Amino acid sequence: MKSHTRVVVIGGGVVGCSVLYHLTKFGWTDVVLLERSELTSGSTWHAAGGMHTINGDPNVAKLQKYTVELYKEIEEYSGQDIGLHMTSGLMLAATKERFDWMKSLLAKGKYAGGEATLISAQEAYEMMPLLDPKQFVGAVFDPHEGHLDPYGTTHAYAKSAKKNGAEIYLHTKVEDLVQLEDGTWRVITDKGEIRCEHVVNAAGLWAREVGRMVGLELPVLAMEHMYLITEDMPEVIDFNKTTGKELMHCVDFDGEIYIRQERNGMLMGTYEKDCRPWSPIETPWTFGHELLAEDLERITNELEIGFRHFPAFNNAGIRRIINGPFTFSPDGNPLVGPVRGMTNYWSACAVMAGFSQGGGVGLALANWIIEGDPGFDVFAMDVCRYGDYATLAYTNAKVRENYSRRFSIRYPNEELPGARPLLTTPIYDKLKSAGAVFGASYGLETPLWFAPEGVEDAFSWRRSTDFEAVGREAKVVRESVGLMETSGFAKYMVSGEGSRAWLDHMLACKLPEVGRMALAPMLNDAGKLIGDFTIANLDDEDFLIIGSGIAEDYHMRWFEQHLPDDGSVDIEALNLNLVGLSIAGPKSRDVIAKLTHLDVSDAALPFMAIREMDLGMAPVILGRVSYTGDLGYEIWMRPEYQRYVFDTLMEAGAEFGISLFGLRALNALRLEKSFGSWSREYRPLYGPLEAGLSRFVALKKEASFIGKQAALEEKLSGGTLRLRTFIVEAKDADVIGDEPISYKGEVRGWVTSGGFAHPSGVSVAIGYVPKEIADEMDGWGVEILGEILPARLQPLSLFDANGSRMRS
Ligand SMILES: Cc1cc2nc3c(=O)[nH]c(=O)nc-3n(C[C@H](O)[C@H](O)[C@H](O)COP(=O)(O)OP(=O)(O)OC[C@H]3O[C@@H](n4cnc5c(N)ncnc54)[C@H](O)[C@@H]3O)c2cc1C
């Protein structure tokens, strides 16, 4: 074994081998893979080998497309047969709701060039005669699906990597990892030690244990998964003979099963409701090429539906049942990327669909290691999308929920109940008794809307039971004053003598003077948006930064990676040690004025001013800013004061009719101002000019901030896209996100977010379109639930276009 190398990849499953191959493909050939047994010794060897490109997240779909297209390349390059069968596939819907869901899924793929199409149940039957068309209302046909041989595929990656210079040591178990002061790693194995710069945890079923070697508790858990293989079936043999083709893949969502041809018979697998975690605390190192005991009873319900939907199975004998474990994260997406707080410890685990996603994971991770950036928007897969709330027990509850719902519909307004409530703020019970319907975001219970007595959230693709109440909440803000909780935002305190200079380098904006706030885009080296914050200068050495709650770890990782070594800057994520309330609306100043002796007139406390002051008896930080686009205040306080501040504001606001509002009303309000939000309008896919944020990018400031050169280039070239707001002639449903935007009948862009802007009474879609057509007023269409609805450009914000309400 070598004594030194650049990268050690731990784990020779399909994911580790893909990472190794991609590193060598991009020129890093001094790399090593360590495998405790033979290649494929985790979950890989017993996989069903199915792969497809469709995914609910268009960014993940892109990586799946890449994975599927890569197979021919590695087969040819390695000379290893991977048993590729591109059979194409069907996704079947047995109910109208399911078909609506499929329409929205399909629409998402359109601007990315997805070739899947909607077909009738009869057309599906003509393609796949094993199904009973009476059981279905329709289907999606996807030409890019198939299956392959897991063993061959893994070896094709491995052989390709070796051909490029990588080394693979089998029967070499990593037993410990120690980081040295210079940041390099000692990888301690049962065969000796190897030093390296980077360690990749691709240990699959043992990813948790390899995480624990460095004190990490990765949110990953293995679940048992079963599929059965039938004896030869005459229907299959007959189809193959008469058509010269193999039967295609089917995912039957309502049966919660998938099927495909396996030799002259069929394979049927299930994601059963009665699911079982495997080795929930610790994966035994003794586990090898073994299968788990079969337990058909647990999947009887699913099989019964499957056999009804595909009657030919009733006459088939079962040749084999496979029960094997494989890993999931709480939301089912992989955990990829550099782990926060560590130098060069990389995660490539929780890949539950290794044959659809393994190539994309390898590509993104190799880019990230070599270039410092994944090269794509991989937030949906980023290991940093979870905070420390994702404990072992949280992961267990969420993974079980996710597994049992793998083929269930998730409605756009549906909040899943698993592992809740976990994080709550001090006013949780007060909000609850006022009718709050909560969603969980980054583990925290956050009010979405306030339901009148007897009204519940009904999950739907269309406007639902919350519609009237959300409308009322939004209107109170525009007409009088509303109060909402804002604790779910991420809050960072940056302090120290070097903080001003450091922030000037990190953020693209001009830093505000003491007592002022500014909108602060953050760019990566390529000049793409990796953050949009509000920064408040408290006293030139202490800055409060407010950002998206879900990106707290993501942003902290970036901040910490760029901290100076001299200790002159300190950054802390305040979590729930600082909680927030916000009041907004024309009467909000009157409410604040009742609670302080200070002058809060526009002259004394103008728009974007911030003060540390008392509100009643409570010390707070009060900023004059509101995401509603109205006159408003964000009020930050220590948690022990929140109940008091809440009661005091409600009492002071009573004479003005103060009322609570939640995130859904906030969405309606910010749409009227065309305000964008992180992970929707603002992502590493877009530059600040494209996103309409260039006025907040201080190209003329002296400091050379990260991404400055690229932002200058974007300004010169004009970028390619523009963010625009559209009014849609919607019927009973509004956009959710990712719907295609067409211009003169051709798909030209995509929706980032939208909804019903209640006070204005119109349906709004915000999205990106090519700059050449971005100022056309008419000719637009937005697809909602399979129907292309006319839309028109809304060039100015719907509410208060000159900003006088929030500024005076
Ligand atoms: C029954 C079943 C059916 C499936 N069907 C499909 C399907 O149709 N399509 C699909 O895409 N996916 C399917 N999967 C999932 C697929 O198997 C996984 O996505 C994939 O195997 C994950 O690969 P991996 O490389 O991440 O992990 P693993 O395959 O678990 O590989 C990890 C490797 O790391 C090694 N290792 C661990 N710790 C150490 C250490 N300390 N030192 C050295 N080596 C170590 C292990 O020995 C192992 O070889 C299925 C899974 C099951 C169980």
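All values derive from a computational prediction rather than experimental measurement. (Residues numbered from 1 in each chain as written. Predicted model: local features only at pLDDT ≥ 70, side-chain atom pairs only at ≥ 80, totals over all residues. Heavy atoms only, no water.)

## Examining the UniProt feature "domain: Aminomethyltransferase C-terminal" (unreviewed entry) in the protein
The criterion, for reference: UniProt positions are given in the numbering used here, feature names are shortened, and annotations may be inferred rather than shown by experiment. Secondary structure is summarised from DSSP: a helix means a run of H or I of at least four residues, a strand means a run of E of at least two, and numbering begins at the N terminus for each.
Sequence positions flagged by UniProt for "domain: Aminomethyltransferase C-terminal" (unreviewed entry) are, in local numbering, residues 722–800. Summarising residues 722–800: 0% helix, 56% strand, and an end-to-end C-alpha distance of 22 Å.

## What about the side chain of serine 548?
Going by this rule: Contacts between residues were defined by any pair of non-hydrogen atoms, one from each residue, lying within 4.5 Å.
Among the structural elements, serine 548 can be located in the loop between strand 26 (542–547) and helix 14 (552–561). Sequence-distant contacts of serine 548, defined by excluding residues within four places in its chain, comprise Ala490, Tyr492 and Trp678.

## A look at the pairing of strand 18 (residues 335–338)
The line we're drawing: The pairing criterion for strands is at least two bridges between them, as found by DSSP.
The sheet contact formed by strand 18 and strand 19 (residues 345–349) spans four bridges and is antiparallel. If you follow proline 338 over to strand 19, its bridge partner there is tryptophan 346. Following strand 18, the chain reverses through six residues before pairing antiparallel with strand 19; glycine 341 in that reversal takes a positive phi of roughly 85 degrees.

## Describing the sheet that holds strand 26
Test applied: Whenever a helix is involved, its axis is fitted only over the stretch in contact; in every case the axis is a line through C-alpha atoms, and angles between N-to-C directions fall within 0 to 180 degrees.
Here we have five strands laid out as an open sheet, ordered 24-25-26-23-27, and antiparallel in their pairing. Pairing within the sheet leaves two strands with one partner each, and these edge strands are strand 24 (517–523) and strand 27 (570–573). Taking the axes of each pair of neighbouring strands and ignoring which way they run, one obtains an average angle of 25 degrees across the sheet. Pairing analysis gives four bridges linking strand 23 (residues 490–495) to strand 27, with the strands arranged antiparallel. The partner of valine 494 across the bridge, within strand 27, is isoleucine 571. Packed on one face of the sheet, helix 14 meets strand 23, strand 24, strand 25 (529–537) and strand 27 and runs near 85 degrees to strand 25.

## Quick notes on the packing of helix 1 (residues 14–25) against helix 2 (residues 58–78)
A pair of packed helices is characterised by two quantities: the angle between their axes and the separation of those axes. How we decide: Note that the term roughly parallel is reserved for angles under 35 degrees, roughly antiparallel for angles over 145, roughly perpendicular for angles of 65 to 115, and oblique for everything else.
At their nearest, the axes of helix 1 and helix 2 sit 13 Å apart, and the two run at 75 degrees to each other. Relative to helix 2, the element helix 1 lies roughly perpendicular. Each of Tyr21, His22 and Lys25 in helix 1 lies in contact with helix 2, whose residues at this interface are Tyr66, Leu70, Glu73, Ile74 and Tyr77.

## A word on the site of the ligand
Note the cut-off: One heavy atom suffices: a residue is near a molecule or strand as soon as one of its heavy atoms comes within 4 Å of it. Here a polar contact means two N or O atoms within 3.5 Å. Within protein one must be a hydrogen donor candidate and the other an acceptor candidate, and residues neighboring in sequence count only if both atoms are side-chain atoms. Method for areas: the Shrake-Rupley scheme with a 1.4 Å probe, in which residue coverage is limited to the protein chains shown. Note that Gly is not counted as nonpolar here; it falls among the polar residues with everything else outside the nonpolar set of Ala, Val, Leu, Ile, Met, Phe, Trp, Tyr, Cys and Pro and the charged set of Asp, Glu, Lys and Arg.
Neighbouring the ligand are 39 residues, the closest being Glu35, Arg36, Thr44, Val351 and Gly354. At 2.9 Å from a nitrogen atom of the ligand is found a main-chain nitrogen or oxygen belonging to valine 174. Glycine 354 has a polar backbone atom sitting 2.8 Å from an oxygen atom of the ligand. Taken by itself the ligand offers 1000 Å² of open surface, and the protein chains cover 98% of this. Where the shell around the ligand is concerned, the elements lending two or more residues are helix 1, strand 12 (221–230), strand 17 (318–328) and helix 9 (354–371). Residues belonging to the shell around the ligand are distributed by class as follows: 20 nonpolar, 16 polar and three charged.

## Some points on helix 10 (residues 392–404)
Selection criterion: Here the expected length of a helix is defined as 1.5 Å per residue gap, with one fewer gap than residues. In this scheme, a residue with accessible area under 20% of its type's maximum is buried, one over 50% is exposed, and one in between is partly exposed, where area comes from a 1.4 Å probe on protein chains only.
When the terminal C-alpha atoms of helix 10 are compared, their 18 Å separation across 13 residues agrees well with the 18 Å that a helix rising 1.5 Å per residue should span. For helix 10, the set of buried residues is Tyr394, Thr395, Asn396, Lys398, Val399, Glu401, Tyr403 and Ser404.

## What about the pairing of strand 11 (residues 192–201)?
Note: strand 1 (residues 4–10) against strand 11, six bridges, orientation parallel. What sits directly across from isoleucine 10, in strand 11, is asparagine 201. Two strands pair when backbone bridges link them, and strand 10 (residues 185–189) and strand 11 are joined in this way by five bridges, in the antiparallel orientation. Among the inter-strand pairings, tryptophan 185 is bridged to a residue of strand 11, identified as cysteine 196. Here strand 10 folds back onto strand 11, and the loop between the two strands holds two residues. Relative to strand 19, strand 11 runs parallel, the two being bridged by three bridges. Paired with asparagine 201 across the strands is serine 347, a residue of strand 19.

## Looking at the sheet that holds strand 32 (residues 659–660)
Remark on secondary structure: sheet strands pair via backbone hydrogen bonds, oriented parallel or antiparallel. Here we have six strands laid out as an open sheet, ordered 29-30-31-28-22-32, and mixed in their pairing. The sheet terminates laterally at strand 29 (610–615) and strand 32, the two strands that pair on one side only. Across six bridges, the pairing between strand 28 (residues 579–584) and strand 31 (residues 632–637) is antiparallel. Residue pairing in the sheet places serine 582 in a bridge with glutamate 634 of strand 31.

## Let's talk about the packing of aromatic side chains
Keep this limit in mind: Note on aromatic contacts: the rings of Phe and Tyr and the six-membered ring of Trp form a pair at centre separations within 6.5 Å, being stacked when their planes are under 30 degrees apart, edge-to-face when over 60 apart, and tilted otherwise.
Counted under the stated rule, the structure contains 33 aromatic pairs. Measuring from ring centre to ring centre gives 6.2 Å for tyrosine 21 and tyrosine 157, while their planes differ by 45 degrees; the resulting arrangement is tilted. Here the residue tyrosine 21 occupies a position in helix 1, and tyrosine 157 occupies one in helix 5 (residues 150–163), the gap between them amounting to 136 residues. By relative accessible area, which is 3% here, tyrosine 21 ends up buried. Judged by its relative accessible area of 0%, tyrosine 157 is buried. Here tryptophan 185 and tyrosine 345 contribute two aromatic rings whose centre-to-centre distance is 5.9 Å and whose plane-to-plane angle is 55 degrees, an arrangement assigned as tilted.

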